[in-house]
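Listed below, chain by chain, are the residues.
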Amino acid sequence: MLFSILYHTILEHQQSSFSKNMENNLSLKFNDDSNQNIDENLVKTQEEKDFYEKVLEERRKNEISSQDLIKKVIVPMDFKNSSETESSEDLFEETIEKPLSHDDVVAAATEYFKRDTLAAGVWANKYALKDSMGNIYEKTPEEMHRRLAREIARIEKKYPNPLKEDEIFEVLDRFKYIIPAGSPMAGIGNKYQVSSLSNCFVIGNDGNSDSYGGIMKIDQEQVQLMKRLGCVGHDLTHIRPKGSPVKNTALSSTGVVPFMERYSNSTREVAQDGRRGALMLSIGIKHPDSESFIDAKMEQGKVTGANISVKMSDEFMRAVKESKPYIQQYPAVSRNPMVSKEIDARTLWNKIIHNAWASADSGVLFWDNVSRESVPDCYTDKGFRTVSTNPCGEIPLCPYDSCRLLAINLYSYVENPFTDKAYFNGDLFSKHARIAHRMMDDIVDLEIEKVDSILKKIDADPESEDIKYTERQLWEKIKEKSLQGRRTGIGITAEGDMLAALGLRYGSENAINFSVEVHKLLTLEVYRSSVDLAEERGAFPIYEAAREENNPFIGRIKENAPKLYDKMTSVGRRNIAMMTIAPTGSISICTQTTSGIEPVFMVSYKRRRKVNPNDKNVKVSFVDEVGDSWEEYNVFHPKFETWLDIHNYNVDEVKALPDEELQQIIKKSPYYKATSADIDWVSKVKMQGMIQKWVDHSISVTVNIPENITEDIVGQIYMTAWESGCK
């Protein structure tokens, strides 16, 4: 068993001269002078059955084959009879498609993924085009990628120098280069469901709002977002601590813990396509109830529907390091606090470390680093003060902002992988980084269309205006923030496979330095594209260069690409913030690569299947207590299979080898001693910190340590993370 700690890092680290010392031909070149432009359904409802009979009759009249899946018709949409349809009360032309059987889709997807049943199942269940009843309308990811390319190209046509549909499809096809996250993949061009394309939301109230009215408003907003497939975060620092006087019959406050349970239960109540929602609850360490917050998940069955994180201040961390007392108070920022108490910082720190060691909760957010590095926090008076994060922590956000995510598959830019001629194609990567940014900016426009559909849906619902008020206000605020900042979340996946394909061992100094070069190039090219799009399409409306002059992240852009910075101060930037690195778990199953910034989890593992011992070519590994025969077989990481092929191994024969012989082959591969269980935590923190300085949001990463690790080591990991400038 492995113990995992999720944290988010940033490190101000002097850039090392690396490319000159590479063992392989891996150098990356960045030309600051390059500023060239890139060349570029009817909603199925549960209305009466005879509707479909009418459609079939119309098809027969026009002599359309029964094998045809698509029929164009004109149909009036009535929201009063359909609660989850595309928002329009007018007549419009749509596509009626015949649903496909789940088995047929999985079979076709399995062939597409070259017999990878796990990838086929994930795609069919999570990303294929569906209606609200779960009916599927796409047979393979190729059809999905055509849908995405068509819709993004439609937005491109609104602007100068548009990308063509085929250009967009080329970078999406087979999950090879650019992969939108789950919400965009499932939602773009989906006329069957009214949902958002955003993966992440943060909500909150302006000013003091620790009343029941303010607390319940957040509860409803959380539910409204989750029913549209949103993952939500919000902060509890505004709630008065337990025992504080209140002006009602209760006489004193119950504190934050009961409301943690309320928000957690609301999350579990909202079904999101067969799964529960995702929620992040945070609290400032300054809050007098922070210890109760930290302990809330230690009781079995409590707060099971939320991730929790404590926002640590530099002041508290210094008090821990120096074993000094620390003052907690409410409100956290006040010269005359309602509640104030002195605590021993080291004692509370030990509680945090013990709980993390015992249960991996709570997490920590080094909040002064978050605020200091945040570009959007240059616009706090415009409503962009960061208050919490999404559930995985890679997107710190202000209230009512949202973000859509996308990953670039780093493995696909390695030419001649797993050979001594391997190199990273920096030119192609730079081109695709700019295309990825354009696509993400287009997806902001597509999200605005989705929000408008949600607002029309709300208007058409039969409830009274006072019932619909909170939901309508919520989406209007989200739309406003999306238009003001045009925030994006461009990240990567397959970092571990990229390094292995280049012959670099994950966690080594050479591998870390090379990864930093890749992420630096990615960020500079994305920011360059954002500046160019500001010139073509207009900057985000509240951009002011003077506000960002002292921001550390913008300072690194200025230092490393001064001409880019000069142009940005002249024409602006299209997006307020753009970079992140998310976990990409399900997406990496479709790309058949390592996930996000992580190393390979396991090179080989075993699965079991029940077999008939009388069948030919069956190997019975064991017989269970009821007499059933089982065969154990090896499953390999997909890119390890690629390495085997390139080095002239027969994959099927290697899978049949005894464990001892298999391990001897693994030792010859670049994945040896490079799995998540092998990586030293110091190397992981170092790598995270150095890459984070080129990510303007944050990074979601896992540090794996053995089950028998001591609490002291966990404390060292957290302290080292803070000392390295971690978020």
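Residue positions within a chain follow its written sequence, with the count starting from 1. Reporting of local features is limited, given that this is a predicted model, to residues whose pLDDT is at least 70; pairs of side-chain atoms are given and counted only at 80 or more, and all residues count toward the totals for whole chains, interfaces and linings. Water and hydrogen atoms play no part in the side-chain values, which are based on all heavy atoms of the structure.

1. Here we look at the overall build of the chain
Per the convention used, a helix needs a DSSP run of H or I reaching at least four residues, while a strand needs a run of E reaching at least two, with both numbered from the N terminus. Scanning the chain from N- to C-terminus turns up 24 helices and 24 strands. Note on areas: Shrake-Rupley with a 1.4 Å probe; residue coverage comes only from the protein chains shown. In the form shown here, the chain has an accessible surface area of approximately 31,300 Å², with 47% of it arising from carbon and sulfur atoms.

2. Considerations on helix α13 (residues 426–460)
A helix is expected to reach a length of 1.5 Å times the quantity of its residues less one. Between its first and last C-alpha, α13 extends 50 Å over 35 residues, near the 51 Å set by a 1.5 Å rise per residue. For the exposure calls, accessible area comes from a 1.4 Å probe over protein chains only, and a residue counts as buried if that area is under 20% of its type's maximum, exposed if over 50%, partly exposed in between. Of all 35 residues that make up α13, 28 are buried, and the element is covered over most of its length.

3. A look at the packing of aromatic side chains
Geometrically, a pair of aromatic rings is defined through the distance of the ring centres and the angle of the planes. Aromatic rings from Phe, Tyr and Trp, taking only the six-membered ring of Trp, are treated as a pair when their centres fall within 6.5 Å; an angle between ring planes under 30 degrees marks them as stacked, one over 60 as edge-to-face, and anything in between as tilted. Applying the stated rule across the entire model yields 20 aromatic pairs. When the centroid spacing of 5.2 Å and the interplanar angle of 75° are considered together, the rings of Y413 and F429 count as edge-to-face. Placement of Y413 in the loop between β17 (405–409) and β18 (414–415) and of F429 in helix α13 is noted, with a sequence separation of 16 residues between them. Accessibility classification places Y413 together with F429 in one group, the buried group. Feature note: the residues Y177, Y413, F424, F429 and F514 constitute an aromatic cluster, connected by ring pairs. Note that K655 overlies the ring of F636, its terminal NZ or CZ placed 5.8 Å from the centroid. Over a ring means this: the NZ of a Lys or the CZ of an Arg is within 6 Å of the ring centre and within 35 degrees of the ring normal.

4. Some thoughts on the nonpolar core
The definition of a nonpolar core used throughout is a set of buried Ala, Val, Leu, Ile, Met, Phe, Trp, Tyr and Cys residues joined through side-chain atoms within 4.5 Å. Ranked by size, the top nonpolar core spans 122 residues in total, and within it W123 and Y527 carry the most contacts. Per-element tally for this core: the top contributor is helix α16 (residues 509–537), with 11 residues. Contacts: residue pairs with any heavy atoms within 4.5 Å of one another. Those residues in contact with Y527 that lie beyond four places of it in its chain are V375, F553, I554, I557, L564, M568, R573, A577, M578, M579 and D696. Residues I218, V256, V303 and M719 belong to the second largest nonpolar core, which totals 62 residues.

5. Some points on unusual backbone geometry
At the junction of Y330 and P331, the peptide bond is cis and its omega measures out at -10° in the coordinates. Considering the arrangement of structural elements, one finds P331 in the loop between β11 (325–330) and β12 (339–344). Cis geometry marks the peptide bond from D361 to S362, where omega comes out at 0°. Position of S362 relative to the elements: it lies in the loop between α11 (345–359) and β13 (363–366). Phi is positive for T584, which is not a glycine, with a value near 50°. With a phi angle near 65°, N648 is a residue other than glycine that sits in the positive phi range. Its relative accessible area of 72% is what places N648 among the exposed residues.

6. With respect to the sheet that holds strand β4 (residues 178–180)
Strand order in the open sheet formed by three strands is β4-β17-β20, and the pairing between neighbours is mixed. Strand pairing shows two members of the sheet lacking a second neighbour, β4 and β20 (489–493), which therefore form its edges. Across the sheet, the mean angle separating the axes of adjacent strands is 30° when strand polarity is ignored. Paired strands, in this sense, are two strands between which DSSP finds at least two bridges. Where β4 and β17 come together, three bridges link them in antiparallel fashion. Each bridged residue has a counterpart across the sheet, and for I179 the counterpart in β17 is A407. Of the strands in this sheet, β4, β17 and β20 touch α13, which is tilted by about 165° from β17. To obtain an axis, a line is fitted to C-alpha atoms, over the contacting stretch when the element is a helix, and the angle between two such axes runs from 0 to 180 degrees between their N-to-C directions.

7. Focus: helix α23 (residues 681–692)
The first and last C-alpha atoms of α23 sit 16 Å apart over 12 residues, in line with the 16 Å expected at 1.5 Å per residue. With 10 of 12 residues buried, α23 lies mostly within the body of the structure. Buried within α23 we find W681, S683, K684, V685, M687, Q688, G689, M690, I691 and Q692. Here a polar contact is recorded for every N or O atom pair within 3.5 Å, except that within protein the pair must consist of a potential hydrogen donor and a potential acceptor, and residues adjacent in sequence are included only if both atoms are side-chain atoms. With a side-chain oxygen lying 3.1 Å from the backbone nitrogen of V682, the N-terminal cap of α23 falls on D680.

8. Regarding the pattern of salt bridges
A carboxyl oxygen of Asp or Glu within 4 Å of a side-chain nitrogen of Lys or Arg is what we treat as a salt bridge. Applying the stated criterion to the full structure yields 46 salt bridges. In this structure, a network of salt bridges that share partners links the residues E156, K158, R438, D441, D442, D445, R486, E536, R537 and R574.

9. A short note on the environment of Y672
Considering the arrangement of structural elements, one finds Y672 in the loop between α22 (659–667) and α23. Between the alpha carbons of Y672 and Y506 there is a distance of 9.7 Å; along the sequence they are 166 residues apart. Contacts of Y672, omitting those with residues within four sequence positions, involve R505, I666 and K667.

10. Things to note about the side chain of S264
Of note, S264 is situated in helix α8 (residues 257–269). Among the polar contacts made by the side chain of S264, one reaches the main-chain amide nitrogen of G305 at a distance of 2.7 Å. Filtering out sequence-adjacent residues up to four positions away, S264 remains in contact with L279, V303, T304, G305 and A306.

11. As for the sheet that holds strand β23 (residues 629–636)
Strand order across the open sheet formed by three strands is β21-β23-β22, with antiparallel pairing between neighbours. One side of each edge strand has no neighbouring strand; the edge strands of this open sheet are β21 (604–611) and β22 (622–623). Strand direction decides the pairing type here: β22 and β23, joined by two bridges, are antiparallel. Among the inter-strand pairings, F622 is bridged to a residue of β23, identified as W630.

12. So, the confidence of the model for the chain
Per-residue confidence for the chain averages 86 on the pLDDT scale, and 85% of its residues sit at or above 70. Contacts for the low-pLDDT stretch residues 1–27, under 50 throughout, to residues beyond four places or in other chains number 105 contacts. Note on residues 29–94: pLDDT under 50 across the span, and 134 contacts to partners over four residues away in sequence or across chains. Along the chain, pLDDT gives the predictor's confidence residue by residue, from 0 to 100.

13. Some details on the pairing of β17
The side chains of a regular strand alternate, first on one face of the sheet and then on the other. Most of β17 sits out of view: five of its five residues are buried. Burial along β17 is two-sided: the face carrying L405, A407 and N409 and the face carrying L406 and I408 are both buried. In terms of strand pairing, β17 meets β20 through five bridges, oriented parallel. Each residue of the ladder has a partner; that of A407, found in β20, is G491.

14. A word on the state of the cysteines
When the sulfur atoms of two cysteines come within 2.5 Å, that pair is taken as a disulfide. A complete count under the given rule lists zero disulfides for this structure. Here C200 stays unpaired: no disulfide links it, and the sulfur of C403, its closest cysteine neighbor, is 5.7 Å away. In this model C231 remains outside any disulfide bridge; the closest cysteine sulfur is found in C200, 6.8 Å from its own.

15. A word on the packing of α13 against α16
How two helices pack is summed up by the angle between their axes together with the distance between the axes. Taken N-terminus to C-terminus, the directions of α13 and α16 make an angle of 50°; their axes are 8 Å apart at the nearest point. Comparing the axis directions of α13 and α16 gives the class oblique. With respect to the hand of their crossing, α13 and α16 are arranged in right-handed fashion. On the side of α13, the interface is formed by G426, F429, S430, A433, R434, H437, R438, D441 and D442, while α16 contributes V518, L521, L522, E525, V526, R528, S529, S530, D532, L533, E536 and R537. For the contact of α13 with α16, the residue count by class is seven nonpolar, five polar and nine charged. Comment on the angle field: the value is read as roughly parallel under 35 degrees, roughly antiparallel over 145, roughly perpendicular from 65 to 115, and oblique elsewhere. Two helices crossing with the near one rotated counterclockwise from the far one by less than a right angle form a left-handed crossing, whereas a clockwise rotation gives a right-handed crossing. Each residue receives one of three labels: charged for Asp, Glu, Lys and Arg, nonpolar for Ala, Val, Leu, Ile, Met, Phe, Trp, Tyr, Cys and Pro, and polar for the others, Gly being one of them.

16. Some points on the pairing of strand β6 (residues 231–235)
The buried count for β6 comes to five of five residues, which makes it a mostly enclosed element. Summarising the sheet, strand β5 (residues 200–202) and β6 pair through three bridges and their orientation is parallel. When the sheet's bridge partners are listed, C200 is paired in β6 with C231. Assignment of crossover handedness uses the view with strands pointing away from the viewer, where a clockwise path from the first strand over the helix to the second indicates a right-handed crossover. As for the winding sense of the linkage, the β-α-β connection from β5 through helix α7 (residues 212–226) to β6 is right-handed.

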